[in-house]
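Residues per chain, in single letters:
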Amino acid sequence: MTELQEVQITEEKALLRTPAGPDPGKDVELITAKLLQEHGQKHTVETPYGVVTITIHGTPKPKRPAILTYHDVGQNHHSCFDTLFHYEDMQEIIKNFVVIHVDAPGMEEGAPAFPLGYQYPSLDQLADMIPCILQYVNFTSIIGIGVGAGAYVLARYSLSHPDTVEGLVLINIDPNAKGWMDWAAHKVRLRMLMRRLKDACLCNRYSAEELSKNNELVHQQRDILSHATNLPNIQLYWNSYNSRRDLSLERGGDITFKCPVMLVVGDQAPHEDAVVECNSKLDPTQTSFLKMADSGGQPQLTQPGKLTEAFKYFVQGMGYMASSCMTRLSRSRTASLSSAASGDGNRSRSRTLSQSSEAGAPQPPAPTMEVSC
């Protein structure tokens with residue numbers, strides 16, 4: 001596997017500049033292709049709510065969306081997504097899509113602490129930064145992959161900009177606002193939270209069983225937080241997450257996602273109930289629910305192979321990567337074909353996959369599936 005290398009771009013100018021000439025549209029397209037051919041370009045993008053850092057991997061493909069990732073509280077794109085995107089089977093996806101990793105303001109590696117009194121953006125405002133990012137890189141649509149707070153940000157963006165989102169992978173999403181009692185308790189504990197921020201982030205991310213075992217992954221994440229130089233910034237992101245509004249999703253209502261969605265959660269993860277509730281509020285013909293066994297609270301870190309395979313099925317359901325070779329779920333899935341057999345081949349099919357069986361022919365599933373891996 002060829003390892004992706006990041007290149008620091010010191011000139012903080014817009015990625016695209018419309019040149020003078022008879023055909024500026026063509027020139028812009030050529031500039032985009034040239035700049036994105038190099039993997040790991042880092043850029044800072046100015047938005048109405050502050051500066052955000054993005055890292056770009058891959059070469060643009062005609063008429064294909066970019067994959068845009070957004071990380072959880074207490075992480076950046078490296079600690080949240082490197083394990084997944086450096087996984088061997090994921091390289092096929094990277095060859096087919098440009099990947100844009102977004103670091104929330106002040107969360108990038110080496111970020112200095114914000115000055116005292118800095119007003120950190122709300123999660124809604126973080127979502128409103130994404131159009132500036134897409135304009136900067138000259139993309140019109142995305143497939144979003146978000147974890148925790150990042151999943152909420154992408155969900156909020158999709159609700160307000162449905163025409164620019166072709167698909168969503170939401171890991172550990174909690175679409176509900178905190179209740180007023182939770183909010184009051186949070187305010188009371190606010191002064192104590194800074195010294196306990198590390199534990200709060202870990203409890204938000206891992207189950208009690210995982211924390212008690214203190215396995216290698218938990219130990220690694222704890223060590224990252226212990227040595228983070230931007231803890232005050234993490235505190236601000238944490239506060240924004242705990243002040244989020246309810247997404248107010250409603251099955252059959254006006255507030256819902258207009259694109260295929262894959263909800264992902266680990267078994268016994270802290271957000272399992274919230275993800276299950278979110279699934280109950282979404283259109284079943286557009287939603288896949290992936291509950292991953294033996295993955296804990298961070299399936300993108302503990303089960304990157306299974307998640308990669310599921311993601312390949314997901315993008316195939318949207319009409320991309322039709323010739324992709326499946327290796328894991330295709331060998332071990334069973335299909336509940338009661339509804340699929342009576343279907344007409346459209347997105348209304350329902351399919352249940354299980355990694356505990358060895359039956360079924362390797363065919364791309366419809367976007368609607370409930371998976372227990």
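Here's what I pulled together on the structure shown here. Keep in mind it's a predicted model, so treat the numbers as computed, not measured.

**Overview of the overall build of the chain**
On a plain count of helices and strands, the chain comes out with 15 helices and eleven strands. By residue count, 52% of the 373 residues in the chain fall in the buried class.

**Considerations on the packing of aromatic side chains**
Following the criterion strictly, the structure yields seven aromatic pairs and no others. For the ring pair Tyr-118 and Tyr-120, a centre distance of 6.4 Å and an interplane angle of 70° mean the geometry is edge-to-face. Within the aromatic cluster, the residues linked to one another by ring pairs are Phe-114, Tyr-118, Tyr-120 and Tyr-237.

**Thoughts on the environment of Phe-311**
Turning to its location among the elements, Phe-311 is positioned in helix α14 (residues 304-317). Remark: the alpha-carbon pair of Phe-311 and Val-169, spanning 142 residues in sequence, is separated by 8.1 Å. Excluding its chain neighbours within four sequence positions, the residues that come into contact with Phe-311 are Ile-67, Ile-93, Ile-143, Ile-145, Val-169 and Met-262.

**What to know about the pattern of salt bridges**
Under the defined criterion, the tally for this structure stands at six salt bridges. The partner of Arg-244 in a salt bridge is Asp-174, with the nearest N and O atoms 3.1 Å apart. A residue pair is termed long-range when its members are at least 10 positions apart, and Arg-244 in the loop between α11 (231-242) and β8 (261-266) and Asp-174 in the loop between β7 (165-171) and α7 (180-188) qualify at 70 residues. Considered together, Arg-244 and Asp-174 belong to a single accessibility category, that of buried residues.

**Things to note about the pairing of strand β2 (residues 41-47)**
Where burial is concerned, most of β2 is hidden: five out of the seven residues are buried. Here β2 runs beside strand β3 (residues 50-57); their pairing, made up of seven bridges, is antiparallel. In the strand pairing of β3, Glu-46 is matched with Val-51. The loop that links β2 with its antiparallel partner β3 comprises two residues.

**What to know about the side chain of Thr-47**
Its location among the elements puts Thr-47 in strand β2. Given the relative accessible area of 11%, Thr-47 is considered buried. Separated by 2.6 Å, the side chain of Thr-47 and the backbone oxygen of Gly-50 make a polar contact. Ignoring sequence-local partners within four residues, the contact set of Thr-47 consists of Val-52, Met-129 and Cys-132.

**What about the nonpolar core?**
Ranked by size, the top nonpolar core spans 53 residues in total, and within it Ile-54, Leu-68, Ile-100, Leu-170, Ile-173, Tyr-237 and Leu-263 carry the most contacts. Considering every element that reaches this core, the biggest residue donor is helix α6 (residues 149-160), with seven residues. If we ignore the near neighbours within four places in the chain, the residues touching Ile-54 are Gln-41, Lys-42, His-43, Val-45, Ile-100, His-101, Val-102, Ile-133, Tyr-136 and Val-137. Within the second largest apolar cluster, 27 residues are counted, among which are Cys-80, Leu-290, Met-318 and Met-321.

**Let's talk about unusual backbone geometry**
Both trends apply: most residues other than glycine have a negative phi, and most peptide bonds are in trans. Of note, the phi angle at Asn-138 is positive, near 65°, even though the residue is not glycine. Looking at the secondary structure, you find Asn-138 in the loop between α5 (130-137) and β6 (142-147). Positive phi is not limited to glycine here, since Ser-248 has a value of about 60°. Note that Ser-248 resides in the loop between α11 and β8.

**Concerning α6**
An ideal rise of 1.5 Å per residue puts 16 Å on twelve residues; α6 measures up with 17 Å between its terminal C-alpha atoms. Burial analysis of α6 places ten of its twelve residues in the buried class, the great majority of the element. The elements touched by buried residues of α6 are β4 (66-70), α4 (123-128), α5, β6, β7 and α11.

Criteria and cut-off values
- Residues numbered from 1 in each chain as written.
- Predicted model: local features only at pLDDT ≥ 70, side-chain atom pairs only at ≥ 80, totals over all residues.
- Heavy atoms only, no water.
- Helix = DSSP H or I, 4+ residues; strand = E, 2+ residues; numbered from the N terminus.
- Buried < 20%, exposed > 50% of the residue type's maximum accessible area, 1.4 Å probe, protein only.
- Phe/Tyr/Trp six-rings, centres within 6.5 Å; stacked < 30°, edge-to-face > 60°.
- Contact = heavy atoms within 4.5 Å.
- Salt bridge = Lys/Arg side-chain N within 4 Å of Asp/Glu carboxyl O.
- Pairing = 2+ DSSP bridges.
- Polar contact = N/O pair within 3.5 Å; in protein donor to acceptor, adjacent residues only side chain to side chain.
- Core = buried A, V, L, I, M, F, W, Y, C linked by side-chain atoms within 4.5 Å.
- Expected span 1.5 Å × (residues − 1).

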